[in-house]
Amino acid sequence: MIDVLLGLQWGDEGKGKIVDYLAESYDIIARFQGGPNAGHTLYLDGNKVVLHTIPSGIFQKHCMNLIGNGVVIDPVTLQNEIKKVQPLCADMLDRLFVSQRAHLILPTHRALDAASEASKGDDKIGSTLKGIGPAYMDKTGRNGLRVGDILSKNFKEKYDKLTQKHLAMLRQYDHVVDWQQWEQPFFEAVEFMRTLQIVNGEYWLDNHMNNGKKVLAEGAQGSMLDIDFGTYPFVTSSNTIASGVCNGLGVAPSQVGEVYGITKAYCTRVGGGPFPTELLDETGEALRAAGSEFGATTGRPRRCGWIDLVALRYAVMLSGVTKLIITKADVLDNFNPIKAAVSYIVDGKETKELPFDLCDKDIVPVYESFAGWDKPIALCTAYSELPQVFKDYCRFVEDYLQTKIGFISNGTGRNQLLIVS
Ligand code: GDP
Ligand code: IMO
Ligand code: MG
């Protein structure tokens, strides 16, 4: 069986921390989509580590970690990440596996990302500029290069052919990108990647699952950034919901067990696009300050707002979430009241469904208010110690989403996780 952990909002829900914790009970952690646009933060002996491509089970000594076929890999980012992680975790390369079917991000993919975004002006998506969109375009356009290709003799030929195609595309843009400076590091990193354990991910996983190994699939981004169901076109280029696990790892739907869905106790978004519960006032700024809401990959300030139960209910439905995890509960300590959007007014009509057109329609959230509390949640060491008003808030969320909360995270530390009883 394979369990899944994924973000229910616009990313940065705290997936890295929770996977690192849950990894204690799993044998394999597998990334199934996304790429270096992800930034998953965890703390190892008090030291902050941000992972972009390496799965967040890497610090658990018993865990094997697979970068699945659905991921797009920038060899340079991966090599840099390994250089950072290896001194903290000497045996990491013995436990890291890469699917031969994962696609590669080329220097010209990054150049195309930059040129495309620059050409959009005010309508830009706010991409992390890691080359994600162009790499997935080449995948679905059937032009992409895969990890398995780096082992073939004519890799350079294939690379040159694809790069020529990209250069023709780049000529359509005014934006000039000095992508040539990225070529030498790219080839050095490809050389390094040849030394990694490159596997046929789907057979590798199947064999391990047949031998009774427990697998956790680690999502990147969040459900509202899903290419099909997110706030299109302000989304990423992969399926971030639970169905992405089957395509992104080569496992059958019947193998999927528990689906953990993570949400912050409030909501954030980084980059452009609709965000109905965004707070553009001092409360939003206070949330950003209290939650240190700055991007783990780009350092950009994250937009902040109240939790959006309409969007969450949609995300829970799409992935069949079986257990909720609420993170950053401690951040709400000094807010009173605390609000949760329970419906939207769209074109004068109240709805609990996410509208097709979030971009051009005026969406007015309807809120339920909750009283704040006067005790720091970060200091609680058991669910029973949480302030009653926060527990009431949790019950309300559970009832609305018709899904039980399994854990509440009340700080950045690995042990700051309360099991809900
Ligand atoms: P991810 O992309 O989903 O892994 O999340 P990020 O790492 O991008 O962002 C989550 C941030 O919140 C990180 O800085 C975490 O250290 C931090 N974090 C996670 N859980 C908690 C929590 O319960 N409380 C607080 N205060 N911070 C948390
Ligand atoms: P993790 O895994 C938050 C956002 C970008 C942009 C949009 C498209 O850390 O939760 P892309 O680079 O994919 O073309 O960007 O998606 N985005 C994220 N926001 N967390 C992430 O990952 C994100 N990955 C992409 O800001 O709005
Ligand atoms: Mg992140």
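Placed above this text is the structure.
Residues numbered from 1 in each chain as written. Chains lettered and ligands numbered in written order. Predicted model: local features only at pLDDT ≥ 70, side-chain atom pairs only at ≥ 80, totals over all residues. Heavy atoms only, no water.

(A) Highlighting the coordination of the magnesium ion (ligand 3). Around the magnesium ion (ligand 3), the protein contributes the donor atoms D12 (OD) and G39 (O), at 2.1 to 2.2 Å from the metal centre. Of this pair, D12 sits in the loop between strand 1 (2-7) and helix 1 (15-22) while G39 sits in the loop between strand 2 (28-31) and strand 3 (40-44), and the two are 27 residues apart along the sequence. (Donors = N, O, S within 2.8 Å, 3.2 Å for Na, K, Ca; no water. Helix = DSSP H or I, 4+ residues; strand = E, 2+ residues; numbered from the N terminus.)

(B) Local environment of the side chain of S409. For S409, the location among the structural elements is in strand 19 (residues 405-409). Here G411 takes part through its backbone oxygen, which lies 3.5 Å from a polar atom of the side chain of S409. Each residue touching S409, except ones within four places of it in the same chain, is listed here: K17, I18, I326, T327, K328, A329, D330, Q416 and L417. (Polar contact = N/O pair within 3.5 Å; in protein donor to acceptor, adjacent residues only side chain to side chain. Contact = heavy atoms within 4.5 Å.)

(C) How the structure looks around the packing of aromatic side chains. One pass over the structure, following the stated rule, counts twelve aromatic pairs. With 4.7 Å between their ring centres and 70° between their planes, Y159 and F187 make a pair best called edge-to-face. Placement of the pair is Y159 in helix 5 (residues 155-170) and F187 in helix 6 (residues 183-193), with a sequence separation of 28 residues. Looking at Y159, the relative accessible area reads 0%, which means it is buried. For F187, a relative accessible area of 24% corresponds to the partly exposed category. Each ring, one from F390 and one from Y393, has its centre 5.9 Å from the other, and the planes form 35°; the classification is tilted. Of this pair, F390 and Y393 are both found in helix 11 (residues 388-401), three residues apart, which corresponds to roughly one turn of the helix. Among the aromatic residues, ring-to-ring pairing joins F370, W373, F390, Y393 and F396 into one connected group. In this arrangement the basic side chain of R110 is found over the ring face of W182, its NZ or CZ atom lying 3.9 Å from the centre. Here the guanidinium or amino end of K214 rests over the ring plane of Y26, the centre of that ring lying 4.7 Å away. (Phe/Tyr/Trp six-rings, centres within 6.5 Å; stacked < 30°, edge-to-face > 60°. Buried < 20%, exposed > 50% of the residue type's maximum accessible area, 1.4 Å probe, protein only. Lys NZ or Arg CZ within 6 Å of the ring centre and 35° of its normal.)

(D) Broad picture of the site of ligand 2. The local shell around ligand 2 holds 21 residues, among which D12, K15, H40, T128 and T236 are the closest. One of the backbone N or O atoms of Q221 is found 2.8 Å from an oxygen atom in ligand 2. With the chains in place, 97% of the 550 Å² that ligand 2 exposes on its own is no longer accessible. Class assignment of the residues belonging to the shell around ligand 2 gives a composition of eight nonpolar, ten polar and three charged. (Near = heavy atom within 4 Å. Areas by Shrake-Rupley, 256 points an atom, 1.4 Å probe, with all protein chains shown as cover. Nonpolar A, V, L, I, M, F, W, Y, C, P; charged D, E, K, R; others polar.)

(E) Structural detail: the pattern of salt bridges. Inspection of every chain in the model, using the stated rule, returns 15 salt bridges. The residue R303 makes a salt bridge to E278 at a minimum N-O spacing of 2.9 Å. Separated by 25 residues along the polypeptide, R303 in strand 13 (residues 303-305) and E278 in the loop between strand 12 (267-269) and helix 9 (282-290) bring together distant segments of the chain. Among the residues examined, E278 registers a relative accessible area of 22% and is labelled partly exposed. Measuring nitrogen to oxygen at the nearest pair gives 2.6 Å for the salt bridge that ties R395 to E398. (Salt bridge = Lys/Arg side-chain N within 4 Å of Asp/Glu carboxyl O.)

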